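The residues making up each chain are set out below.
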Amino acid sequence: MNVMPEQTLIRPSTDADIEPMLAIYRHHIRRGVDPSYFGDDGALLPDDLKRRRRNMRKHRLPHLVADRRGGVVGYAYAVLFRKRPAYRYTVKHSIYVHHDHLHSGIGKVLLPALIDACAAAGYRQLIAYIDAANAPSLRLHEQCGFRQVGYLPSVGYKFGHWTDVVMVQRSLASGGTAPPEAWLAPPADED
Ligand SMILES: CC(C)(COP(=O)(O)OP(=O)(O)OC[C@H]1O[C@@H](n2cnc3c(N)ncnc32)[C@H](O)[C@@H]1OP(=O)(O)O)[C@@H](O)C(=O)NCCC(=O)NCCS
C-alpha cells in the first residue's frame, strides 16, 4: 500500500507561532543537539524570539514554519553569518522539527524552502554548524546540496564530554560566480 506523506505547508512565521516554536526549541536544547547552545538551559523567552523575528524582517531574513493541520511542526530561519558588511551576502541557519514528527519528511520540505527563500532574498552562501554526532542533520544537509567545508574538533563541552562540530555550506543562485545584487543594505544590529 502506498502511504502518502502528510501534507506540510511551509509559510513565514508569525508572532502567534512563537509559543509552539519555543516548545520545539526547548525539547531539542535539553537533548543538546544544537552546537550554538552548549549549556543553554532552554530559557529562551518569547520576547527574545519576537525581537529576533523583527530583526530578521528588517534584513529580509527568512523565518519559516512547517504547518501540519494548523499546528507548527517545525521551523527554520537564517541569520547573518557575520555582522561585518563584507559578509552581508552570507547567512547561516537553524532548523528544528517537532520531536513527535521526526523523520516524517518535514526537514526535506522545510530546508529546501529556506534555501529558496534565502536565494530569493539575494543571499549567495548558506552555512550551518552541525554537531558531529547529529547524523540526521548531517544527512539532511547533504541531501539538500550542502558539503562539508570544515571540522572543528572538541569545540564544545556538554553532558560531560567534548564535542566536535561540522561546518557545511552551499551556494545560492549564482553563488560566487557573479557579483551580488547591489541592493542589500549593510547589516546593523542583528543578534
Ligand atoms: C535534523 C532534522 C531537522 C531533520 O528533520 P526531519 O524532518 O526529521 O527529516 P526528514 O524526515 O525530512 O528526513 C530527511 C533526511 O534526513 C535524514 N534523517 C532524518 N532522520 C534521520 C534519522 N533518525 N536517522 C538517520 N537519518 C535521518 C535522512 O537522510 C532523511 O532522508 P530519508 O528519509 O530519505 O532517508 C530533525 O531531525 C531535527 O529537528 N532534529 C533536532 C534538531 C536539530 O538537530 N536541528 C539541526 C541542528 S544543525
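Note that the coordinates shown come from a computational prediction; the quantities given were computed from them, not determined experimentally.

## Observations concerning the nonpolar core
Grouped together as the largest cluster of nonpolar side chains are 32 residues, with contacts concentrated most on Leu64, Tyr75, Ala76, Leu110, Leu114 and Cys118. Contributing elements (two or more residues each) for this core: α1 (18-31), α2 (46-58), β2 (63-68), β3 (71-80), β4 (90-97) and α3 (106-120). Leu114 has contacts with Pro62, Leu64, Ala76, Ala78 and His93, leaving out every residue within four places of it along the chain.

## As for helix α4 (residues 135-143)
Among the residues of α4, those classed as buried are Ser137, Leu140 and His141. The buried residues of α4 occupy one face: seen down the axis, they fall within an arc of 95 degrees. The exposed residues of α4 that point more than 90 degrees off its buried face are Ala135, Arg139 and Gln143. Gly145 sits one or two residues past α4 and shows a positive phi near 90 degrees.

## Here's the deal with the site of the ligand
Taken together, 22 residues surround the ligand, and among them Val97, Gly107, Lys108, Pro136 and Arg139 come closest. Elements with a minimum of two residues in the shell around the ligand: β4, α3, β5 (125-131) and α4. Considering each element in turn, the shell around the ligand owes the most residues, six residues, to α4. Classifying every residue of the shell around the ligand by side-chain character gives eleven nonpolar, eight polar and three charged.

How each quantity is defined
Residues numbered from 1 in each chain as written. Predicted model: local features only at pLDDT ≥ 70, side-chain atom pairs only at ≥ 80, totals over all residues. Core = buried A, V, L, I, M, F, W, Y, C linked by C-beta atoms within 7 Å. Buried ≥ 20, exposed ≤ 12 C-beta atoms within 10 Å, placed from the backbone. Helix = DSSP H or I, 4+ residues; strand = E, 2+ residues; numbered from the N terminus. Contact = placed C-beta atoms within 7 Å. Arc of directions from axis to C-beta. Near = placed C-beta within 6 Å. Nonpolar A, V, L, I, M, F, W, Y, C, P; charged D, E, K, R; others polar.

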